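Structure assessment
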Amino acid sequence: MICPNCGHANVDGSATCASCGQQLYGAPPAPPAPPAPPVAYAPPPGYAPPSYSQPQVVAAVPIKSHLVMAILATIFCCIPFGIVGIVFASQVNTKLAVGDFAGAQKASQTALTWSWVSIGAGLFVAVAYALLIMLGLMSGLAY
Amino acid sequence: MFRNSAILTRSGPMERWLPIAGIAAAVGALALFASGWGHLIPPCLLREFTGTLCPGCGSGRVARAFLALDLSAAWKANPLVVLALPPTAYGLVREALLSWGVARLPWPRLRPWWGWALLVGVLAFWALRNVDFWPFVLLAPR
C-alpha cells in the first residue's frame, strides 16, 4: 500500500503510514485519540512525529483544496456554480498558510460540495436534453 | 479531531469515479460528433437563456476540433479550455491513482495565491469574451 500522503511504500494491511502517520485506505479506522492530556499521549511505535513547533495533530493530515475539481466543474459544466467551488478551494490554501486548520477543512468540504452541485446540475441538464431530443425524434416533431 | 480530519481528507467517490465518468463522457461525445449526432449534446444553458457566453462555451467545438486534430480550431473555439485541459486531465488521473493507492504522481507545490489568480483569470475571461469589439472578440467562440 503506497501512502497517498508521502508516497512511502507500507506493508499491505497497515492501518497508518509508517513514515508520516496518514490513515490508509481500506484499513480499519484508527483507534480514537486517548482522552488523556497531550503530555500523557504516547505515539504508537513507528509513528514519526511531524516537525511542527505546535503539538497539533490536525496538521499531520493534508487537507485537500479540491481546486482541480472546481476548475473542471466551472469550465466543463457551463453552469457557473463551479466558480463558488474555486472561491472555497482558494480559501483552503490561504487558511492553511495561516494555520487555520478547522477553517481550511470547512472550506475544503464546501468546495467539494459546490463542485458536486455544478457537476450534478450539468449531468442532469445533459441527460434531460438528450431525452427531450430523443422524444422529439420519436414523435417526429423535431429535427 | 484527528479522526474527523482523516475522514474529511480521504478520497471520496468524486476522485475515484470522476476520471472514469469523464473519459466515458468524452468518448461518448466524440462518438456522437463522429456519427453526426452532435446535436444530442446540450447547448450551454446560460447562453440559451441569457444570450451571454460562459467560460465553457465552445468546449463542445474544442472536443470536435481535437477529434479532427485541429488545434487552431480548438484554440479559436475556447482558448481557456485548451489551456486548462492538459493540467486538469493530469490532475484527475493523479487523484484517481491516489484514491486507488496505485501510484503517487508528482504535483507542484502551489502557493496559496495560485487559486485566487485562477479565479480572477476565469472571471476575467468570462467577462471579456462577452465584450463585442476587438481584441476581445478573439476570446469568443469562432
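Refer to the structure printed above.
As a starting point, this report considers the structure included with it. (Residues numbered from 1 in each chain as written. Chains lettered and ligands numbered in written order. Predicted model: local features only at pLDDT ≥ 70, side-chain atom pairs only at ≥ 80, totals over all residues.)

1. Details of the overall build of chain B
This is how it is decided: Each helix is a run of H or I in the DSSP string that is no shorter than four residues. Each strand is a run of E no shorter than two, and both are numbered from the N terminus. Every C-beta atom is placed from the backbone, and the number of other C-beta atoms within 10 Å of a residue's own sets its class: buried at 20 or more, exposed at 12 or fewer, partly exposed in between. By the convention adopted here, residues make contact when the C-beta atoms placed from their backbones lie within 7 Å.
For chain B, the helix and strand inventory stands at 7 helices and 0 strands. Put simply, chain B runs from its N terminus to its C terminus through helices and strands in the order α-α-α-α-α-α-α. Within chain B, buried positions represent 25% of all 142 residues. Summarising the internal contacts of chain B: among those between residues at least 6 apart in sequence, 48% fall at separations of at least 24.

2. A word on unusual backbone geometry
Excluding glycine, residues mostly carry a negative phi; peptide bonds, for their part, are mostly trans. All names here are of chain B. Residue proline 135 is bonded to the preceding tryptophan 134 through a cis peptide linkage, with omega at 5°. The backbone of leucine 69 shows a phi angle near 55°, a positive value even though the residue is not glycine. Of note, leucine 69 is situated in the loop between helix H4 (59-67) and helix H5 (71-77).

3. Details of the nonpolar core
Note the threshold: For our purposes the nonpolar core covers buried Ala, Val, Leu, Ile, Met, Phe, Trp, Tyr and Cys residues that link as a set through C-beta atoms within 7 Å.
Counting residues in hydrophobic clusters, the biggest one holds 41 residues, and the most contacted among them are Ala70, Ile71, Val92 and Ala111 of chain A. Those elements that provide at least two residues to this core are helix H1 (67-77), helix H2 (81-97) and helix H3 (101-139) of chain A together with helix H2 (13-34), H4, H5, helix H6 (79-99) and helix H7 (113-128) of chain B. Of all the elements, H1 of chain A adds the most residues to this core, at 9 residues. Leave out the neighbours within four places in its chain, and isoleucine 71 of chain A touches Ile86 of chain A together with Ala84, Thr88 and Leu118 of chain B.

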